[in-house]
Amino acid sequence: MGNSLFKLTSLNLNGIRSASSKGLEDWVAAQAPDCICVQELKAQGADVAGRFEQLAGLRGHFHYAEKKGYSGVAVYSRHEPSEVIVGLGEPEFDAEGRYVELRFDTPSHKRSIVSCYFPSGSSSEERQQAKFRFLDLIYPRLSSMNAERDYVLCGDVNIAHREIDLRNWKGNLRNSGFLPEERAWMTKLLDEAGLVDVYRHLHPEEGEGAYTWWSNRGQARANNVGWRIDYQLASPALARGARRASIYKQQWFSDHAPLTIEYDWTL
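Rules and cut-offs
- Residues numbered from 1 in each chain as written.
- Predicted model: local features only at pLDDT ≥ 70, side-chain atom pairs only at ≥ 80, totals over all residues.
- Heavy atoms only, no water.
- Core = buried A, V, L, I, M, F, W, Y, C linked by side-chain atoms within 4.5 Å.
- Buried < 20%, exposed > 50% of the residue type's maximum accessible area, 1.4 Å probe, protein only.
- Salt bridge = Lys/Arg side-chain N within 4 Å of Asp/Glu carboxyl O.
- Helix = DSSP H or I, 4+ residues; strand = E, 2+ residues; numbered from the N terminus.
- Pairing = 2+ DSSP bridges.
- Expected span 1.5 Å × (residues − 1).
- Bend = angle between axes of the 7 residues up to and from the residue.
- Contact = heavy atoms within 4.5 Å.
- Phe/Tyr/Trp six-rings, centres within 6.5 Å; stacked < 30°, edge-to-face > 60°.

Chemist: What should I look at first to understand the nonpolar core in this one?
Modeler: One broad rule of soluble globular proteins: the nonpolar side chains tend to lie buried together. F6, L8, I113, V152 and Y263 are the most contacted members of the largest nonpolar core, which has 32 residues in total. Core analysis: the next-biggest nonpolar cluster, separate from the first, contains 27 residues, V114, Y139, V157 and W185 among them.

Chemist: Whenever I open this one, the pattern of salt bridges confuses me. Can you help?
Modeler: Any two side chains of opposite charge can pair, on the condition that their charged atoms come close. Inspection of the entire model under this criterion finds 17 salt bridges. Salt-bridge contacts for E80 lead to R59; the nearest nitrogen and oxygen are separated by 2.4 Å. Residue E80 is located in the loop between β5 (73-77) and β6 (83-86), and its partner R59 is located in strand β4 (residues 58-63); the two are separated by 21 residues in the primary sequence. A relative accessible area of 54% means that E80 is categorised as exposed. For the salt bridge of E101 with R103, the shortest nitrogen-to-oxygen distance reads 2.8 Å. When sorted by exposure, E101 lands in the same class as R103, which is buried. Each of D165, D197, R200 and R228 takes part in one network of salt bridges that share partners.

Chemist: Even after reading the chapter, I still don't get unusual backbone geometry, so can you show me in this structure?
Modeler: Here A32, not a glycine, exhibits a phi torsion of approximately 50°, which is positive. Within the secondary structure layout, A32 lies in the loop between α2 (24-31) and β2 (35-39). Phi is positive for N158, close to 60°, though the residue is something other than glycine. Looking at the element boundaries, N158 is found in the loop between β9 (150-156) and α6 (180-191).

Chemist: For this particular structure, what's the right way to read the pairing of β5?
Modeler: Residues in a regular strand project their side chains so that they alternate between the two faces of the sheet. By the criterion of burial, β5 is predominantly enclosed, with five of the five residues buried. Residues of β5 alternate between two faces, with V73, V75 and S77 on one and A74 and Y76 on the opposite face, all of them buried. For β2 and β5, the ladder comprises five bridges, and the chain directions are antiparallel. When the sheet's bridge partners are listed, V38 is paired in β5 with A74. When β4 meets β5, the two strands line up antiparallel, connected through five bridges. For H61, the partnering residue across the bridge sits in β5 and is V75.

Chemist: What should I look at first to understand helix α5 (residues 125-148) in this one?
Modeler: Helical geometry: 3.6 residues make up each α-helical turn, so side chains three or four residues apart lie on a common side. Here α5 is 24 residues long and its end C-alpha atoms lie 35 Å apart, about the 34 Å a rise of 1.5 Å per residue gives. The sharpest bend along α5 comes to roughly 25°, located at I138, with the proline P140 sitting one to four residues further on. Among the residues of α5, R127, Q128, A130, K131, F132, F134, L135, I138, Y139, L142, M145 and N146 are the ones counted as buried. Contacts from the buried residues of α5 go to α4 (91-94), β7 (99-103), β8 (111-117), β9, α6 and α8 (236-239).

Chemist: Any chance you could explain the environment of A239 here in plain terms?
Modeler: The residue A239 is located in helix α8 in this model. For A239, a relative accessible area of 3% gives the class buried.

Chemist: What am I meant to see in the packing of aromatic side chains here?
Modeler: Between two aromatic rings, the relevant description is the distance of the centres plus the angle of the planes. As enumerated under the stated definition, the model contains 13 aromatic pairs in all. Judged by centre distance (5.6 Å) and plane angle (90°), the rings of F62 and Y76 are edge-to-face. Highlighted residues: F62 in strand β4 and Y76 in strand β5, separated in sequence by 14 residues. The same class applies to F62 as to Y76, namely buried. Centroid distance Y139 to W185: 6.3 Å. Interplanar angle 75°. Geometry classified as edge-to-face. Taken as a pair, Y139 in helix α5 and W185 in helix α6 lie far apart in primary sequence, 46 residues in all.

Printed below as a string of structure tokens:
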């Protein structure tokens, strides 16, 4: 029964049209995940229509940004959800297309798969403040959700949690993505809200092999000067089913690598 594991992938596309031109669909078809959560569509409904509603046979559910060529998330699923939640109900961030949740509820269980794109604060102090507002908004949501349903949030969180999670941690202590407040937020999410960082659960000591993002500047990718900022964050019951994790680096669809985790459960 080797094929019975539920295969879940998360990938920041840095533009679905760009990723598609680099062979994304063929890769998804070959990998055959049950579900792929994507971030940074950088596309609107009109761009997706007739072209990206499906990805290798998986049906997409989308949250678009209002601004063209910006943000946007989707979940492509083999299974039909019982309900789709688009956005967080907060206009500032819903305008940016950052959250889509697929619910797979039955009389016996409540389960969700979420694709979420956390703001980056690296471009300006103004954007860093927006990032802090987003963290303040989503924390109670994720915490209360964990009390009432099982879920996995796949996303580009734009935070490296610990020193092991980026190559040059000493040089980034004052930079967005590795600020003490951001790291403390992540610790609180795991220790107090009770979510599980599934990759870390499976690979507690992995350093340089765990990176999922590399800057386009300099020779970051060639020298593996990377960051682990893409996560699968799961409620404990679903996290317990995690069997193996992989980060795919044989070909490149964007500046992020796909993170795939296989779970011993079905929707």
